[in-house]
Every structure is written in structure tokens, then in C-alpha cells.
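# Summary of structural features
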Amino acid sequence: MFSEPIHSLLLLAAPAGADTTVSSDPSVNGSLVCNAARDAIIPGTLAAMYIKICGLRDELAARVAVDAGADAVGVVMSEGSPRDASRDEAASVVAAVEGSGLDAVLVVRGVPARAAAETALELGFDVLQLHGPYSGADFAAALEVLPRVWRATSLVAEPRLRAGEYGEEHLLIDGATPGSGESWDLAALAEQETAARIGDGWILAGGLEPGNVAEAIAAARPWGVDVSSGVERAPGVKDLELIRRFVRAARS
């Protein structure tokens, strides 16, 4: 009985030539509407901000991210992190977003790059994010296995950071202490020389939460934003309402 309203939403949101076939599965229809609306957004507008919810370990949080309108979910598989996911947990997150159009991103630190890429491929991730002091050779090794690899680092660790230097798809710029939730000075990102080196397709991370993400976007002008601890009620435990609030704030 919901076919006509849903089809109307798809027709309104979808760009020309997009598939507007209505499914008998309500969850599929919800994803179709979200994806069509996302594809119809004009690039360069605030609403087009790419949003990644990171550090997920369960299916429910992943589905909330989908429904909230996020563009990607991240799963951390790094020993010692409070968000370190098992293979089963990682697989459940990937399965929860399958068919939604969201990118499933495997995030590692201190894991050999090629082995991490092989794990990402085995578990069905779309993207591998290498966080920390990985070399150009590490990226080359990962790219032999998986075509989409992101580089995550900080201006503290690499003051002369340059986008695309290692062949990465996107550059993620974090605070000095990844996963800490600590805010950091974004002023350097506005400097002309830094802005020229990092380009337009970079992702901002570090200390973001629903209350400050809109201001951070206005100040730094990133292509995307990444949040983990800023949508948690305890380290490694996601707060579903904070996920929803973050996405709304990042698009406000």
C-alpha cells in the first residue's frame, strides 16, 4: 500500500535516467530513496557533505547510519583499539549496509598493508583506510589487492602532507591522537599553502561531534567528515541518537 508514495519520492529525488522501480521490501525502498536523494544533491553544497560513521561493530548501528543518511561506515580492526572488531562483527556491519549504496570502510593501524587489503577483500569491504605511518610502498602493495585505499594521518605527523602522494583515493586528516575525541586547531587547514597541498577531496576527522561539526565544516571546508568517539556514550559503544544528530548537523 506504500508503493505510490514511495514511487513519488523516488521520482522527485532521482536524477534523470535513475532506476525508480519500487521493491516489495520496505528496507530496500528506504535505501532507494536515500540513494536517489543523495545522487540528486548538487556537488559543492553543504548537503553534499560526505559523512562517515566510524568504529562500528554491530548491525543495528550500521542500519541506523544507513537510515540517517550517512555515506559510509567504518570498521576498525586494530588490536588495542576500544573499537577493535572481530571478523564476525566486521562481516555483520558489511552485511547490514550491503545494497544501500554506502561505502564499507575497513580501518587499520599497524597492520601490514597487503594483509589488511586481503582481509578487506575477503570480508566484502569497499575501501581500506590505512591510518598512520604507512609508506608509498605499503599503499602500492594494498592497491594491488583492492582498488580503493584511503590514507589517514595528521598535520602533526606530516606537516608537508600532500593529497594523492601515495596514490590514495582520499586523504583523511585527523588530530594528533586518533580515536581520542580530542578537538584540534583547524587554522592550519585554511592556510593557502596547506589548502593547495591537500586539495578538495579530503576528509576531516578528530574531535567532531553533533555540536561542533557544522562549525568545523564552515571553518575547514572539507569534502567529507568522519566521526567515531563523537557519537559514543562510552569508548567503543555507539549512541544511536548521536549518530542521527551528527548526520543532521553535518547537513544543516
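For the structure, see preceding data.
Now for a quick tour of the structure. Computed from a predicted structure; not experimentally measured. (Residues numbered from 1 in each chain as written. Predicted model: local features only at pLDDT ≥ 70, side-chain atom pairs only at ≥ 80, totals over all residues. Heavy atoms only, no water.)

The subject of this paragraph is the overall build of the chain. A count of helices and strands for the chain gives 9 helices and 10 strands. Going through the 252 residues of the chain one by one, you find that 46% of them count as buried. In the chain, once contacts between residues fewer than 6 apart in sequence are set aside, the share between residues at least 24 apart is 53%. If you sum the accessible surface of the chain, you get close to 11800 Å²; carbon and sulfur atoms cover 54% of it. (Helix = DSSP H or I, 4+ residues; strand = E, 2+ residues; numbered from the N terminus. Buried < 20%, exposed > 50% of the residue type's maximum accessible area, 1.4 Å probe, protein only. Contact = heavy atoms within 4.5 Å. Areas by Shrake-Rupley, 256 points an atom, 1.4 Å probe, with all protein chains shown as cover.)

The buried fraction of strand 4 (residues 127-131) is high, at 5 of 5 residues. Bridge count for strand 3 (residues 103-108) against strand 4 is 4 bridges, and the pairing is parallel. If you follow valine 108 over to strand 4, its bridge partner there is leucine 130. Crossover handedness for the path strand 3 to helix 5 (residues 113-123) to strand 4: right-handed. With 4 bridges connecting them, strand 4 and strand 5 (residues 149-154) associate as parallel partners. Bridge assignment links histidine 131 to a residue of strand 5, and that residue is alanine 152. Where the polypeptide runs from strand 4 across helix 6 (residues 136-143) and back to strand 5, its parallel neighbour, the crossover connection is right-handed. (Pairing = 2+ DSSP bridges. Right-handed = clockwise from strand over helix to strand, strands pointing away.)

Position of glutamate 232 among the secondary structure elements: in strand 9 (residues 232-234). Judged by its relative accessible area of 11%, glutamate 232 is buried. Not counting residues within four places of it along the chain, the set of residues in contact with glutamate 232 comprises Arg83, Val237, Lys238, Asp239 and Leu242.

Most of strand 3 sits out of view: 6 of its 6 residues are buried. Taking every second residue as pointing to the same face, both faces of strand 3 are buried, with Asp103, Val105 and Val107 on one and Ala104, Leu106 and Val108 on the other. Pairing analysis gives 5 bridges linking strand 2 (residues 72-76) to strand 3, with the strands arranged parallel. The residue bridging alanine 72 from the neighbouring strand is aspartate 103, located in strand 3. Note that the unit made of strand 2, helix 4 (residues 87-97) and strand 3 has a crossover that is right-handed.

Let us now look at the pattern of salt bridges. In the structure shown here, the tally under the stated rule is 15 salt bridges. We note a salt bridge from arginine 63 to glutamate 59, for which the minimum N-O separation is 2.5 Å. You can see arginine 63 and its partner glutamate 59 sitting in helix 3 (residues 59-68), 4 residues apart, about one turn around the helix. Judged by its relative accessible area of 46%, arginine 63 is partly exposed. In this structure, glutamate 241 engages arginine 248 in a salt bridge whose closest nitrogen and oxygen atoms are separated by 3.4 Å. Several salt bridges converge on common partners, so that one network encompasses Arg83, Glu232 and Lys238. (Salt bridge = Lys/Arg side-chain N within 4 Å of Asp/Glu carboxyl O.)

Before going further, it helps to examine the side chain of aspartate 226. In this fold, aspartate 226 is placed in strand 8 (residues 224-227). There is a polar contact of 2.3 Å between the side chain of aspartate 226 and the side chain of lysine 52. The contact partners of aspartate 226, leaving out residues within four places of it in the chain, are Lys52, Cys54, Gln129, Leu172, Ile203, Leu204, Ala205, Gly206 and Leu208. (Polar contact = N/O pair within 3.5 Å; in protein donor to acceptor, adjacent residues only side chain to side chain.)

Now for the sheet that holds strand 8. Two orientations exist for strands paired in a sheet by backbone hydrogen bonds: parallel and antiparallel. Here we have 8 strands rolled up into a closed barrel, ordered 1-2-3-4-5-6-7-8, and parallel in their pairing. Going from strand to strand, the sheet's axes swing by 25 degrees on average, the running direction of each strand aside. Inspection of the sheet shows strand 1 (residues 50-53) paired to strand 8 by 4 bridges, in the parallel sense. When the sheet's bridge partners are listed, lysine 52 is paired in strand 8 with aspartate 226. (Axes fitted to C-alpha atoms, helices over the stretch in contact; angles between N-to-C directions.)

Here we come to the environment of alanine 120. Note that alanine 120 resides in helix 5. Once the C-alpha coordinates of alanine 120 and alanine 90 are considered, the two residues, 30 residues apart in sequence, prove to be 9.6 Å apart. Apart from the residues within four sequence positions on either side, alanine 120 is in contact with Leu106, Phe125 and Leu146.

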